[in-house]
Each structure stands twice: as structure tokens, then as C-alpha cells.
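Here are the chains, one letter per residue:
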Amino acid sequence: MTPNPIVFLVDVDNTLLDNDRIQSDLRTHLEHEFGAACRDRYWAILEKLFTELGYRDYLGALQLYRVEHPREIRLLSMSSFLVDYPFADRLYPGSLDVLERFRSWGRTVVLSDGDAVFQPRKAERSGLSEAVEGHVLIYIHKEEALDDVERRYPARHYVLVDDKLRVLTAVKKAWGERVTTVFVRQGQYADEPTIIAECPPADLAVDCIADVLDYNLPVLLTGRQSSRMSTEVIR
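Residues numbered from 1 in each chain as written. Predicted model: local features only at pLDDT ≥ 70, side-chain atom pairs only at ≥ 80, totals over all residues. Heavy atoms only, no water.

**Comments concerning the sheet that holds strand β4 (residues 155-162)**
Backbone-to-backbone hydrogen bonds join strands into a sheet, with any given pair of strands oriented parallel or antiparallel.
Then step 1. Strand order across the open sheet formed by six strands is β3-β2-β1-β4-β5-β6, with parallel pairing between neighbours. Where the open sheet ends on each side, the last strands, each with one partner, are β3 (136-139) and β6 (204-206). The mean angle between the axes of side-by-side strands here comes to 20 degrees, regardless of whether they run parallel or antiparallel.
Then step 2. Sheet topology places strand β2 (residues 107-113) next to β3; four bridges connect them, and they run parallel. Considered in β3, the bridge of S112 is made with I138.
Then step 3. Against the sheet, helix α9 (residues 165-175) engages β1 (4-10), β4 and β5 (179-184), with an angle of about 175 degrees to β5. (Pairing = 2+ DSSP bridges. Helix = DSSP H or I, 4+ residues; strand = E, 2+ residues; numbered from the N terminus. Axes fitted to C-alpha atoms, helices over the stretch in contact; angles between N-to-C directions. Contact = heavy atoms within 4.5 Å.)

**As for unusual backbone geometry**
Then step 1. Even without being glycine, N14 reaches a positive phi, approximately 65 degrees.
Then step 2. In this fold, N14 is placed in the loop between β1 and α1 (19-34).
Then step 3. For E133, which is not a glycine, the phi torsion comes out positive at approximately 55 degrees.
Then step 4. Mapped onto the elements of the fold, E133 is located in the loop between α7 (128-131) and β3.

**Brief notes about the pattern of salt bridges**
Then step 1. Taken as a whole and assessed by the stated rule, the structure comprises 20 salt bridges.
Then step 2. A salt bridge links E133 to R103; its shortest N-O distance comes to 3.1 Å. You can see E133 sitting in the loop between α7 and β3 and its partner R103 sitting in helix α5 (residues 95-105), a full 30 residues away along the chain.
Then step 3. Counted as one network, the salt bridges with shared partners bring together D11, K142 and D162. (Salt bridge = Lys/Arg side-chain N within 4 Å of Asp/Glu carboxyl O.)

Without other data, these values stay purely geometric and don't point to any function.
Below is the structure:
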């Protein structure tokens, strides 16, 4: 397969989509419908799974909670809340504009961590899958699946946009100068003192995803500022 000149790899949660707001809405829904005790127990199960799996398995946590409360029939309504949630309303301003800009420069792929049911639904219902023409990859730990990413989307250069500095650092270590890392400082992982102290800075850092629109292609390829906007691609 002939390598693409550039492939843009863009994260979902707290990069394109306000996942913290989704979590807050879920907590509010649980408390309103089932009470604070249910909310707290569900969240404890969710966090335990997160520690074990490395991603938040919302539907898996619901199933485990239901095992503990087999006669709580009302819990079934919570699955509808999750599956039918209006994810498009939680896109950060500028998210789709950034994807459109990237697509004008090269192949653009949504690259996310998550489960095999809820995360694809999130990408579809938010409109992100359509915005990248269905080029969506979801792994348990994407930084451990770079060989598969390369196999599916070979490129001479990658641009990785993510809200987790830990992930950006791991990919930079693996791909070196073949990747430009862009740290989007949004959400709960944007200011982790321990991670920030342990990891080198990304090639570029922005305060919100819309700020990516202020950068031209040479900056996104090299990590160096350039005042001239360009749509030139690597030859």
C-alpha cells in the first residue's frame, strides 16, 4: 500500500467531544432517577473497571451493577440514556471545522480508546464518523496498537492530536520525528501534575481544539511556528 503523505490522527474524548460534560450528565441522571446511593455505587464500579481495563466501560459497569441489583428493573432505562445520548450537542466548538481542515490536507482518522459498543456509538451519534468518512479506529490502548494503525493508514508523517500527554509521549517515543504531537489542554487530563512532570512537552500545545485552526500545515508538520498559512503537503 502506498503511504499517504500525511495522516491526521485525532482523539475523541475531551479532544473533540466534551466527555467530562457527558459524565456529569450521567451522574445527574443517575441521582435524579435512582438516588445518590445508586449513583455512587455505579461510579465506584465504573472506576474499578477503569483501573482494570484502562478505559471507562459504561455499559459493562451497568451490567455489573445490575448483577448486584437483579430486581431493579428501572435500571434498564439507563442503557437507553447512554445509547441515545445527544453526543453531537457535546462537540467542542470548532471540532468539525478542525476535521474539515485536516481533510483538506490529508487523510484524517478518528483514533480513540474505548469499548467495542459504546465508543463506536459515540463516534457515530456525534457526527465524527461521518466527518472523517468512516475512518474510525478504536482500541483498548491505542498507543499499544501503532503497528495496526500504520498497517491500515501508512504515512510518511503523522499528526496526533490528543488530550493525554501520556499517550502523546508514548507515540512520540515509538515514531520519533515521523509524528507531530499536539496536546489539547481540555478536560480532566489536561493538568495532571505528575504526568506533566514526568513527560516531555508535546510538539505543540493548545488550550482548546478550535485553537488548532490558528496553525498552518508547516507548523503541524514540524512543531515550529510559521506565519504563512499553507496547504502544501509533503512530496
